[in-house]
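# Remarks on the overall topology
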Amino acid sequence: MMVPRVTLLDALVLDDHISKIFIGQTLKVFKYLPSWILNNCELEINVILQFLMTYYSVTKSKATFGQQMLGIRFKPDQLTDTKLVLYQLFTVGAEYIQSKVESPSNNYINNISNLQLIVDVLKVGSFLNFLLFLQQGKYPTLTQRFLSLSQEPTRKRNIEYTHMTRELLWHGFSELLLFTLPLINYQSLKHKISRVMHFAPRKEEFKERQPLMFPVSVCSICRERPVLPHHLKCSHVFCYYCISSKRMVDEKFECPECHHFEPNVIPVILINKVNINS
């Protein structure tokens, strides 16, 4: 029975996440050691940890931890002792060499000539192998193809396509919201709802007036002492920044107190009354 492609790919993703979690948790323990150990030997520590993970999974159970979670394994008759050693060498060892080659620090592996070319060739080979895997659905990695390591299911995995369809619809809907929501002018929408909920005064009942400034006068928007006071031909006062920012968001912004609309924002004229004794 052939293992589905999605299961093989899921196993690789699970192996990668499990490896990162295990190495990350282990490095947290090593942070109490002298800093030079992690700075100089971090790659070597990663190799040892990956070797232990591969030994206690593939060598013991004929399956990686990701494969065990999904109910698949390598075919036991194909996974001989020689292939186990080569599997360790081509996975853990090759990843260590690639990390050393791509490391900016100068090391003994960087000095080996043509090693970077070999790494690039292997990357191209991995890409071509992935294309073959999509077509044939048999060997997801180049190491498995080279060693002819096929996989078989240990239990039947039922894929709920209704769940997958629901997830795809939800992801599409969430992407639509992420692109649409920033385009909505929430302040303008709030002001429109406020205008619908409140009845504006009739023009014949409203009388234009010059607002008076008192020591206790506050801005009708921020409820603080008005800075550069302005008005909308009603008795209420606004800070220039407050009313200007509201008008930039909504050109039909009304007075929040009396709901009067005036297209022009007018500065308040402060008149000092001086008593003259004649």
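Everything that follows concerns the structure shown earlier in this document.
So, a few notes on the structure that sits alongside this text.

Calculation notes
- Residues numbered from 1 in each chain as written.
- Predicted model: local features only at pLDDT ≥ 70, side-chain atom pairs only at ≥ 80, totals over all residues.
- Heavy atoms only, no water.
- Helix = DSSP H or I, 4+ residues; strand = E, 2+ residues; numbered from the N terminus.
- Buried < 20%, exposed > 50% of the residue type's maximum accessible area, 1.4 Å probe, protein only.
- Areas by Shrake-Rupley, 256 points an atom, 1.4 Å probe, with all protein chains shown as cover.
- Contact = heavy atoms within 4.5 Å.
- Axes fitted to C-alpha atoms, helices over the stretch in contact; angles between N-to-C directions.
- Nonpolar A, V, L, I, M, F, W, Y, C, P; charged D, E, K, R; others polar.
- Core = buried A, V, L, I, M, F, W, Y, C linked by side-chain atoms within 4.5 Å.
- Patch = residues over 30% accessible without salt bridge, like charges linked within 9 Å, V, L, I, M, F, W, Y side chains within 5 Å.
- Salt bridge = Lys/Arg side-chain N within 4 Å of Asp/Glu carboxyl O.
- Expected span 1.5 Å × (residues − 1).

## Observations concerning the overall build of the chain
Secondary structure summary: the chain contains nine helices and four strands in total. Counting helices and strands in the order they occur from the N terminus, the chain gives α-α-α-β-α-α-α-β-α-α-β-α-β. The buried share of the chain, taken over its 278 residues, is 27%. Counting every atom, the chain has about 19,700 Å² of accessible surface; 63% of that belongs to carbon and sulfur.

## Let's talk about the environment of Cys-255
Along the chain, Cys-255 turns up in the loop between helix 9 (240-249) and strand 4 (266-267). Residue class for Cys-255 comes out buried when judged on its relative accessible area of 0%. Every residue in contact with Cys-255, bar those within four places of it in the chain, is listed here: Leu-232, Cys-234, His-236, Phe-238 and His-260.

## A word on the packing of helix 1 (residues 5-30) against helix 5 (residues 115-136)
Helix 5 packs onto helix 1 with a crossing angle of 145° between their chain directions and a minimal axis gap of 10 Å. Contacts between helix 1 and helix 5 pair Arg-5, Leu-8 and Leu-9 from the former with Phe-130, Phe-133, Leu-134, Gln-135 and Gln-136 from the latter. Grouping the constituent residues of the contact of helix 1 with helix 5 by class yields five nonpolar, two polar and one charged.

## As for the nonpolar core
Cys-219, Leu-232, Cys-234, Phe-238, Cys-239, Cys-242, Ile-243, Phe-253 and Cys-255 form the largest nonpolar core, which has nine residues in total. The contacts of Cys-219, once residues within four sequence positions are left out, are Glu-224, Pro-226, Val-237, Phe-238, Cys-239 and Cys-242. With seven residues, the next largest nonpolar core counts Phe-74, Tyr-87, Leu-147 and Leu-149 among its residues.

## Focus on the side chain of Ser-150
Within the fold, Ser-150 resides in the loop between helix 6 (142-147) and strand 2 (151-153). Given a relative accessible area of 6%, Ser-150 falls into the buried group.

## Let's talk about a nonpolar patch on the surface
A cluster of nonpolar side chains, namely Trp-170, Phe-173, Leu-176, Leu-177, Leu-181, Ile-184, Tyr-186, Leu-189, Ile-193 and Met-197, defines an oily patch on the protein surface of about 990 Å² accessible area. Contributing elements (two or more residues each) for the nonpolar patch: helix 7 (161-180) and helix 8 (186-197). In this fold, Leu-181 is placed in the loop between helix 7 and helix 8.

## Focus: helix 1
It helps to recall that an α-helix has 3.6 residues per turn; residues three or four apart then point in one direction. Under the 1.5 Å per step criterion, the end-to-end length of helix 1 is 38 Å for 26 residues, consistent within 8% with the ideal 38 Å. Of all the positions in helix 1, only Thr-7, Leu-8, Ala-11, Ser-19, Ile-23, Thr-26 and Leu-27 are classed as buried. On the buried face of helix 1, the contacting elements are helix 2 (35-61), helix 3 (65-70), strand 1 (72-74), helix 5 and strand 2.

## Observations concerning the pattern of salt bridges
Enumeration according to the criterion identifies four salt bridges in this entry. Between Arg-73 and Glu-152 there is a salt bridge whose closest N-O contact spans 2.9 Å. Pair noted here: Arg-73 is in strand 1 and Glu-152 is in strand 2, with a separation of 79 residues, a long-range link.

## Some details on unusual backbone geometry
Even without a glycine there, the phi angle at Arg-223 is positive, about 60°. Mapped onto the elements, Arg-223 comes out in the loop between helix 8 and strand 3 (230-231). In this structure, Leu-228 is a non-glycine residue whose phi angle is positive, near 55°. One can find Leu-228 in the loop between helix 8 and strand 3.

## A closer look at helix 2
For helix 2, which comprises 27 residues, the first-to-last C-alpha distance of 36 Å matches the rise-based estimate of 39 Å (1.5 Å per residue) to within 8%. Of the residues trailing helix 2, Lys-62 is marked for its positive phi of about 60°.

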